[in-house]
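Spelled out, the chains give:
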Amino acid sequence: MTDPHPSTGFTSYHVHTKWSDGAETVASTVARAAALDLDEVGISDHFVLHPSGVALEWSMPTERLDEYTRDIMTVAASAPLPVRLGIESDFIPETAEETIRRLDRCPFDYRIGSVHFIDGFPVDEHSRFWEGLSQEEADDKWRDYYRRVILMAQSGGFDIVAHLDLPKKFGRYPVADLSADARHALDAIRDSGMAMELNTSGRYQTAREAYPSPWHLREAKRRGIPVLITADAHNPANLNRDFRAAADLLREAGYTEVTRFSGREQIRTPLG
Ligand SMILES: [Zn+2]
Ligand SMILES: [Zn+2]
């Protein structure tokens, strides 16, 4: 007898719902995931403690973190596929300690750590912020971005590094050679034991390339950094967008395994 649910090797862990800036509820997102070639789905809505104290419209209301986790666990209890409890949390140095303290109260399967801000500068909000920079300033933003990633890795509060080369989103690349900066970030990720996502959403931005680049993937492989394929889906229609192409990218970088999470522990499985 053939297995009615053969493993595909794919999970989708970077998924937004109405709790932050996604289109659907947790329940309907999970229902849609069950119809796709996925072994597991994880929900990872934005959680941002901004130093200004302002509530960001694309973050869940931070005082509702417990409700968010209960919603996911309730849906998971009767779901036809494993549902993981995740979060995409901003790493902001001024609020990092308090952020981690709050996250520690919830039984997450994994925490995606993101750098979306460099002080007041929004890295991925709109191209106009990058267009207003001189090339030198843009190069500095890239350097600062990698430095923030290092601090995030060193904080120990997160399990997955989000979109490692996010500053390329609007096509603004550094002119200076920043490979040493990127290598230092990858060294810090390796030392932290964190995994790194290959996030296919970059293909639909000006960058027209998944995050991070094949160069970053090869450098990650050399360091033994575990990886997983994600879609950064804000709509269930994109839950496994470009996953086969992403698997090819990982294979080209030398990977044969991907990582899953349960209770913040990594579980290696063959690459789908
Ligand atoms: Zn993000
Ligand atoms: Zn995201």
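For the structure given in this document, a descriptive report is provided here. Predicted, not measured: the structure shown is a model, and the values here were computed from it.

Reading the values: rules and limits
Residues numbered from 1 in each chain as written. Chains lettered and ligands numbered in written order. Predicted model: local features only at pLDDT ≥ 70, side-chain atom pairs only at ≥ 80, totals over all residues. Heavy atoms only, no water. Donors = N, O, S within 2.8 Å, 3.2 Å for Na, K, Ca; no water. Helix = DSSP H or I, 4+ residues; strand = E, 2+ residues; numbered from the N terminus. Buried < 20%, exposed > 50% of the residue type's maximum accessible area, 1.4 Å probe, protein only. Contact = heavy atoms within 4.5 Å. Core = buried A, V, L, I, M, F, W, Y, C linked by side-chain atoms within 4.5 Å. Arc of directions from axis to C-beta. Phe/Tyr/Trp six-rings, centres within 6.5 Å; stacked < 30°, edge-to-face > 60°. Lys NZ or Arg CZ within 6 Å of the ring centre and 35° of its normal. Lys, Arg positive; Asp, Glu negative; His and termini not counted. Salt bridge = Lys/Arg side-chain N within 4 Å of Asp/Glu carboxyl O. Polar contact = N/O pair within 3.5 Å; in protein donor to acceptor, adjacent residues only side chain to side chain. Expected span 1.5 Å × (residues − 1).

With respect to the coordination of the zinc ion (ligand 2)
- Within the protein, His14 (NE2), His16 (NE2), Glu88 (OE) and Asp232 (OD) serve as the donor atoms for the zinc ion (ligand 2), at 2.0 to 2.3 Å.
- Written as a sequence motif, the donor residues of the zinc ion (ligand 2) are H-x1-H-x71-E-x143-D.

Some thoughts on the side chain of Arg148
- Turning to its location among the elements, Arg148 is positioned in helix 5 (residues 135–155).
- Given the relative accessible area of 12%, Arg148 is considered buried.
- For Arg148, the contacting residues outside a window of four places in its chain are Phe91, Pro93, Val115, Phe117, Ile118 and Asp119.

Description of the environment of Ile92
- You can see Ile92 is positioned in the loop between strand 4 (83–90) and helix 3 (96–103).
- Residue Ile92 is classed as buried on the basis of its relative accessible area, which comes to 6%.
- A sequence separation of 24 residues divides Ile92 from His116, and the C-alpha atoms of the two residues are 8.7 Å apart.
- Setting aside anything within four residues of it in sequence, one finds Ile92 in contact with Val48, Leu49, His50, Pro51 and Phe117.

Some thoughts on the coordination of the zinc ion (ligand 1)
- Protein coordination of the zinc ion (ligand 1) is provided by Glu88 (OE), His116 (NE2) and His163 (NE2), with donor distances spanning 2.1 to 2.2 Å.
- Going along the chain, you hit the donors of the zinc ion (ligand 1) in the pattern E-x27-H-x46-H.
- The exposure class of Glu88 is buried, given its relative accessible area of 0%.
- What makes His116 buried here is its relative accessible area of 3%.

Considerations on the nonpolar core
- Core analysis: the biggest nonpolar cluster contains 72 residues, and Leu65, Tyr68, Met196 and Leu250 have the highest contact counts within it.
- When residues in this core are grouped by element, the largest group, eight residues, is from helix 5.
- Apart from residues lying up to four places away in sequence, Tyr68 is in contact with Trp19, Ile43, Ser44, Asp45, Met60, Leu85, Gly86, Ile87 and Phe108.
- Counting eight residues, the second-largest nonpolar core is a separate cluster that includes Tyr13, Ile160, Leu228 and Phe261.

Digging into helix 7 (residues 214–222)
- Residues His216, Leu217, Glu219 and Ala220 constitute the buried set of helix 7. Taken end-on, helix 7 shows its buried residues confined to a sector of 165°, consistent with a single buried face.
- Gly224 occupies a position one or two residues after helix 7 and carries a positive phi of about 75°.

Some details on the packing of aromatic side chains
- Within this structure, the stated rule accounts for 11 aromatic pairs.
- Aromatic side chains Trp19 and Tyr68 sit 5.9 Å apart centroid to centroid with 80° between the ring planes, which places their arrangement in the edge-to-face category. Within this pair, whereas Trp19 is found in the loop between strand 1 (11–12) and helix 1 (26–34), its partner Tyr68 is found in helix 2 (residues 65–77), the two being separated by 49 residues in sequence.
- Take Trp19: its relative accessible area is 15%, and that puts it in the buried class.
- For Tyr68, a relative accessible area of 0% corresponds to the buried category.
- With a centroid separation of 6.5 Å and an interplanar angle of 80°, the aromatic rings of Phe121 and Phe129 are classed as edge-to-face.
- Residue Phe121 is classed as buried on the basis of its relative accessible area of 10%.
- Phe129 sits in the partly exposed class, given a relative accessible area of 27%.
- Joined through ring pairs, the aromatic side chains of Trp142, Tyr145, Tyr146 and Tyr173 make up one cluster.
- One residue, Arg241, lies across the ring of Tyr204, its end atom 3.6 Å from the ring centre.

Digging into the environment of Asp191
- When you line up the elements, Asp191 lands in helix 6 (residues 179–192).
- Classification of Asp191 as exposed rests on a relative accessible area of 60%.
- As for Asp191 and Gly171, which are separated by 20 residues in sequence, their C-alpha atoms are 30 Å apart.

Considering the side chain of Asp232
- Mapping Asp232 onto the fold places it in the loop between strand 10 (227–230) and helix 8 (243–252).
- Lys169 provides the closest opposite charge to the buried, unpaired Asp232, separated from it by 7.9 Å.
- Among the polar contacts made by the side chain of Asp232, one reaches the side chain of Asn199 at a distance of 3.1 Å.
- Residues within four places of Asp232 in sequence aside, it is in contact with His14, His16, Glu88, His163, Asn199 and Ser201.

Focus on helix 5
- Counted at 1.5 Å a residue, the expected span for helix 5 with its 21 residues is 30 Å, and the 30 Å between its end C-alpha atoms agrees.
- Within the sequence span of helix 5, burial applies to Ala138, Asp139, Lys141, Trp142, Tyr145, Tyr146, Arg148, Val149, Ile150, Met152 and Ala153.
- Downstream of helix 5 by a residue or two, Gly156 has a phi angle that is positive, lying close to 75°.

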